[in-house]
Amino acid sequence: MSMNTILVTGGAGYIGSHAVHALVERGEQVVVLDDLSTGDASRVPAHAKLIVGSIGDRELVREILRAHKVQSILHFAGVVKVEESVRDPEKYMRINVDYTRILAEEARAAGVSHFIFSSSASVYGNAEENPVPEDALCAPVSPYAESKQRAEAILTEALSSTEAVFLRYFNVAGVDPAGRIGYSTLDKPTHLIRSAVRALMLGQAFTINGSDYPTPDGTCIRDYIHVSDLADAHLAALDYLRGGGVSRIYNCGSGHGYSNTEVVKSVQRIARRDMAVVYGSRRPGDPATLVADISRIGRELGWKPRLKLDDMISHELAWTEKHL
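Participant: When you look at the sheet that holds strand 10 (residues 248–252) in this model, what are you seeing that I'm missing?
Facilitator: Adjacent strands of a sheet form backbone hydrogen bonds with each other and so pair up, either parallel or antiparallel. The sheet built from seven strands is open, its strands ordered 3-2-1-4-5-6-10 with parallel pairing. The sheet is open, and its two borders are formed by strand 3 (49–52) and strand 10, each paired with just one other strand. Looking at each pair of strands side by side, their axes are set apart by 20° on average, direction ignored. In this sheet, strand 3 lies alongside strand 2 (residues 30–34) in parallel orientation, the contact comprising four bridges. Residue pairing in the sheet places Leu33 in a bridge with Ile51 of strand 3. Here helix 4 (residues 89–110) sits on the sheet in contact with strand 1 (5–9), strand 4 (70–75) and strand 5 (114–120), set at roughly 165° to strand 4. Packing of helix 7 (residues 227–242) onto the sheet brings it into contact with strand 1, strand 4, strand 5, strand 6 (163–169) and strand 10, and relative to strand 6 it is tilted by some 160°.

Laid out in structure tokens, this is it:
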């Protein structure tokens, strides 16, 4: 193993696996740690080593960091469903907060140089200004969002001598444009694009949550980023840290907002099929508008998204058609 081994936690998951493929493609040495609770071993490419286990297993984490001389960690492992977090906040604090602390403490003890953390735009809550800059006030409105904010605080405190980048994701969508990896079509999706695509494919009516928000068409406005662009943002962050960069927070989005109604209409337009759309009540904790200010990551890392909303939708349509 080279001295530049990268540990990717949650690397068999939806976003993590796209990052692993991007790393392997450019010749990096990658070790994946994933408990496969939501990950899928088939998503991990042959040139990466998969270890099945939990980031909450301190002895295992310590052994991996030592045996593979890990220099960089990309930390994707976690639980991500807002509605589930409301029902079971303890699970979110345990996995997203306590386990992250274990990982951070072991990383510091092992002398890991670089740490990149999958954070979330949900930490901003009901943002006062849109697009939202990184220095906006954090006011989480769900246990999931709170767990991400707490994890950021723990990493800031526990890593001390390790430089870290926190990437605050907006709404991640799409799949690998080559169709090699994607998401499980068995799961009931929580993302808007995926849910709309699934409903369309199954010939079901689709419900949009809330039509009385203070937006032009009354439905929530969100910022969408293609998962392949997000994987590239992780590579840009890694290169930045390797080049001597200091700890930073970056938004990862497109910088453009689309309303729920616009997205659902786009799904029907691209699929060339109609479906019944109904408007239900608001979901608790949904901000009216959340759009990223991505000027910092563009300026400092030279990263900008290449793929558009139509790409995300067409890639998801193709994937779901093939696998549903």
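What follows picks up the thread again.
Participant: Looking at this structure, how should I read helix 2 (residues 58–67)?
Facilitator: Side chains of residues three or four places apart in an α-helix project in the same direction, reflecting 3.6 residues per turn. Within helix 2 the residues assigned to the buried category are Val61, Ile64 and Leu65. Looking straight down helix 2, one finds that the buried residues subtend no more than 95° of arc, so they occupy a single side. With respect to the buried face of helix 2, the exposed residues turned more than 90 degrees away are Glu59 and Arg66. Buried residues belonging to helix 2 abut strand 1, strand 2, strand 3, strand 4 and helix 4.

Participant: What is the right way to read unusual backbone geometry from this model?
Facilitator: Across the junction of Asn130 and Pro131, the peptide omega takes the value -5°, indicating a cis bond. Following the sequence through the fold, Pro131 ends up in the loop between strand 5 and helix 5 (143–159). Positive phi, close to 50°, is recorded for Lys69, a residue that is not glycine. One can find Lys69 in the loop between helix 2 and strand 4. Lys69 sits in the partly exposed class, given a relative accessible area of 47%.

Participant: Teacher, can you tell me more about helix 1 (residues 14–25) here?
Facilitator: Over its 12 residues, helix 1 extends 17 Å from the first C-alpha to the last, a length consistent with the 16 Å expected when each residue adds 1.5 Å. The buried fraction of helix 1 amounts to 11 of the 12 residues, a majority that puts the element mostly inside the structure. Directly beyond the C-terminal end of helix 1, a positive phi value near 85° is found at Gly27.

Participant: Is there a simple way to explain the packing of helix 6 (residues 192–202) against helix 10 (residues 309–323) in this structure?
Facilitator: Each packed pair of helices is defined by two parameters, the angle between the axes and the distance between the axes. Helix 10 packs onto helix 6 with a crossing angle of 45° between their chain directions and a minimal axis gap of 10 Å. As summarised for this structure, helix 6 and helix 10 are arranged oblique, according to the angle between their axes. In this structure, the crossing between helix 6 and helix 10 has a hand that is right-handed. Across from Ile193, Arg194, Val197, Leu200 and Met201 in helix 6, the residues of helix 10 making contact are Leu309, Met312, Ile313, Glu316, Leu317, Thr320 and Glu321. When its residues are assigned to classes, the contact of helix 6 with helix 10 shows eight nonpolar, one polar and three charged.

Scoring rules and cut-offs
- Here the residue index of a chain counts from 1 through its sequence in written order.
- Where local features are concerned, this predicted model is filtered to residues with pLDDT of at least 70; where side-chain atom pairs are given and counted, the filter is 80 or more; whole-chain, interface and lining totals use all residues.
- Hydrogens and water molecules were not included; the side-chain quantities draw on all heavy atoms of the structure.
- Any two strands with at least two DSSP bridges between them are considered paired.
- Only DSSP runs of H or I reaching four residues or more are called helices, and only runs of E reaching two or more are called strands; each is numbered from the N terminus.
- The angle between two axes is taken between their N-to-C directions and runs from 0 to 180 degrees, where each axis is a line fitted to C-alpha atoms and a helix contributes only its stretch in contact.
- It only takes one pair of heavy atoms within 4.5 Å for two residues to be counted as in contact.
- Relative accessibility decides the category of a residue: with a 1.4 Å probe and only protein chains considered, values under 20% of the type maximum give buried, values over 50% give exposed, and everything between is partly exposed.
- Within this analysis, the arc is defined by the directions that extend from the helix axis to the C-beta atoms.
- Expected helix span is given by 1.5 Å per residue-to-residue step, counting one fewer step than there are residues.
- Oblique is the label for every angle not falling under 35 degrees (roughly parallel), over 145 degrees (roughly antiparallel), or within 65 to 115 degrees (roughly perpendicular).
- Should the near helix be turned anticlockwise from the far one by less than a right angle, the crossing is termed left-handed; should it be turned clockwise, right-handed.
- Each residue is assigned to one class: nonpolar for Ala, Val, Leu, Ile, Met, Phe, Trp, Tyr, Cys and Pro, charged for Asp, Glu, Lys and Arg, and polar for all the others, Gly among them.

As far as function goes, none of this settles anything; it's purely spatial.
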